[in-house]
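Chains, contacts and geometry: an overview
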Amino acid sequence: MAVKDAAKGATMLPIDHILDGDCIEVMNGLPEASVDLIFADPPYNLQLRGDLHRPDNSRVDAVDDAWDQFDSFKAYDQFTRQWLAAARRLLKPNGAIWVIGSYHNIFRVGAALQDQGYWLLNDVVWRKSNPMPNFRGKRLTNAHETMIWASKSEGAKYTFNYEALKELNEGVQMRSDWVLPICSGHERLKDDNGEKAHPTQKPESLLHRVLVGTTNPGDVVLDPFFGTGTTGAVAKLLGRRYIGIEREESYRKVAAKRLGQVRPLDGAALVTTLSKRAQPRVAFGQLVERGLLRPGEVLVNSRGQAAKLRVDGSLVSAEHRGSIHQVGAALEGAPSCNGWTYWQFKRDGKLIPIDILRQQIRAEMHD
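Predicted model only: the values in this text are computed from it and were never measured.

**Observations concerning the overall build of the protein chain**
Check the secondary structure of the protein chain and you find 11 helices and 16 strands. Total accessible area computed for the protein chain in this model is approximately 20000 Å², and 49% of it derives from carbon and sulfur atoms.

**Quick notes on the nonpolar core**
Counting residues in hydrophobic clusters, the biggest one holds 32 residues, and the most contacted among them are Trp98, Met147, Trp178, Leu206, Val210 and Leu211. The dominant element in this core, judged by the number of residues it contributes, is helix α5 (residues 204-214), at 5 residues. What Trp178 contacts, discounting residues up to four positions off in sequence, is Trp98, Val124, Val125, Trp126, Arg127, Met147, Leu206, Arg209 and Val210. In terms of nonpolar packing, the next biggest core, distinct from the first, is built from 31 residues, Leu90, Ala112, Leu113 and Ala150 among them.

**Focus on the sheet that holds strand β3 (residues 17-19)**
Spatially, 8 strands are ordered β3-β10-β9-β4-β5-β7-β6-β8 in an open sheet, and the strand pairing comes out mixed. Whereas interior strands pair on both sides, the edge strands pair on one side only; in this sheet they are β3 and β8 (177-180). Between one strand axis and the next, the sheet turns by 20° as a mean value, whatever way the strands run. As paired strands, strand β6 (residues 119-128) and strand β7 (residues 144-151) are joined by 8 bridges and run antiparallel to one another. Residue pairing in the sheet places Asn122 in a bridge with Trp149 of β7.

**Section: the packing of aromatic side chains**
Taken as a whole, this structure holds 11 aromatic pairs when the rule is applied. Plain terms: the ring middles of Phe226 and Tyr242 are 6.1 Å apart, the flat faces sit at 15° to each other, and that makes the pair stacked. Of this pair, Phe226 sits in the loop between β9 (220-223) and α6 (230-237) while Tyr242 sits in strand β10 (residues 241-245); the two residues are 16 residues apart in sequence, bridging distant segments of the chain. The pair formed by Phe226 and Tyr242 is uniform in burial state, with each residue classed as buried. Measuring from ring centre to ring centre gives 5.0 Å for Tyr342 and Trp343, while their planes differ by 85°; the resulting arrangement is edge-to-face. The exposure class of Tyr342 is buried, given its relative accessible area of 13%. The class for Trp343 is buried, based on a relative accessible area of 0%. An aromatic cluster is defined as three or more aromatic residues linked by ring pairs; in this entry it consists of Trp98, Trp149, Tyr158, Phe160, Tyr162 and Trp178. Over the face of the ring belonging to Tyr118 we find Arg88, whose NZ or CZ atom lies 5.9 Å from the ring centre.

Rules of the game
- Residues numbered from 1 in each chain as written.
- Predicted model: local features only at pLDDT ≥ 70, side-chain atom pairs only at ≥ 80, totals over all residues.
- Heavy atoms only, no water.
- Helix = DSSP H or I, 4+ residues; strand = E, 2+ residues; numbered from the N terminus.
- Areas by Shrake-Rupley, 256 points an atom, 1.4 Å probe, with all protein chains shown as cover.
- Core = buried A, V, L, I, M, F, W, Y, C linked by side-chain atoms within 4.5 Å.
- Buried < 20%, exposed > 50% of the residue type's maximum accessible area, 1.4 Å probe, protein only.
- Contact = heavy atoms within 4.5 Å.
- Pairing = 2+ DSSP bridges.
- Axes fitted to C-alpha atoms, helices over the stretch in contact; angles between N-to-C directions.
- Phe/Tyr/Trp six-rings, centres within 6.5 Å; stacked < 30°, edge-to-face > 60°.
- Lys NZ or Arg CZ within 6 Å of the ring centre and 35° of its normal.

Function cannot be read off these values alone, since they describe shape.
What follows is the structure, given as structure tokens:
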């Protein structure tokens, strides 16, 4: 549960802990507006009827645990509304939530999210590259699950690392359909009997994409249905902080062992590609102040038109004077101009874009 700071009399956030108990009660006991992101993998309420067998008559280890069973849709909806309300209370004003589900529950969850005041950003289809086949042959193979990404409220400035996701996708804008394999092989955790430790363990690749794309190092990520700790393991690896809530002792035991084996990446490895808007602002005058360009030096555009640099960082051409942007726009007869990509300077007989110097200063700022 939350920890009390005796000196201040305040409730402290139990960072990097797995909390035992009902997720609604535990979340209601944590400090308000203290979490950056919530990833929730709630019970799907699968409504299974009897055992499922493969063609060779072997039994499928399906989800038939008590935690996934509800008496009615009404009971499930009430549970959903309660945990979503508790989760929204915990989110910071610019926080966000991801909820994953199947066709059994995700539509009910989506309606509840909107009713609670969350603002839906995307629904993401996780298309499984190796799904379990439909053994009975009476329906389509269920080859995907759906995730809903929502901000706490309309207009919230949620985290979205667009350029980082683009890099993950070979330089192409990330789409809302993700093709990733289900958890299997060495990644599938086993209990002391050699059986699957959890029937719906999610792959780390899925959480990697979610956390790289929608959190930053140091952010607090809460998972109210922690299971065997995939969210916590990936958060720890990526330099995020985690809080897990799990009422099943067997899952907590497996998760704790797993988390103890995770070693966070070093700081340099955690840096992601920033969008241009997120990069530090550099005033053109800094290039003059630092001697990277000298007053009196001549800048030229692609057509060879020239302007001379003045001591205050402004330019003067034959007919115009002003900033690098203003003089560039005037020469082009355009309403605006990006002076950083418009002007070049000469070094050793070669023309070099002045933006190279801006990137040099930004690199120093980052270091």
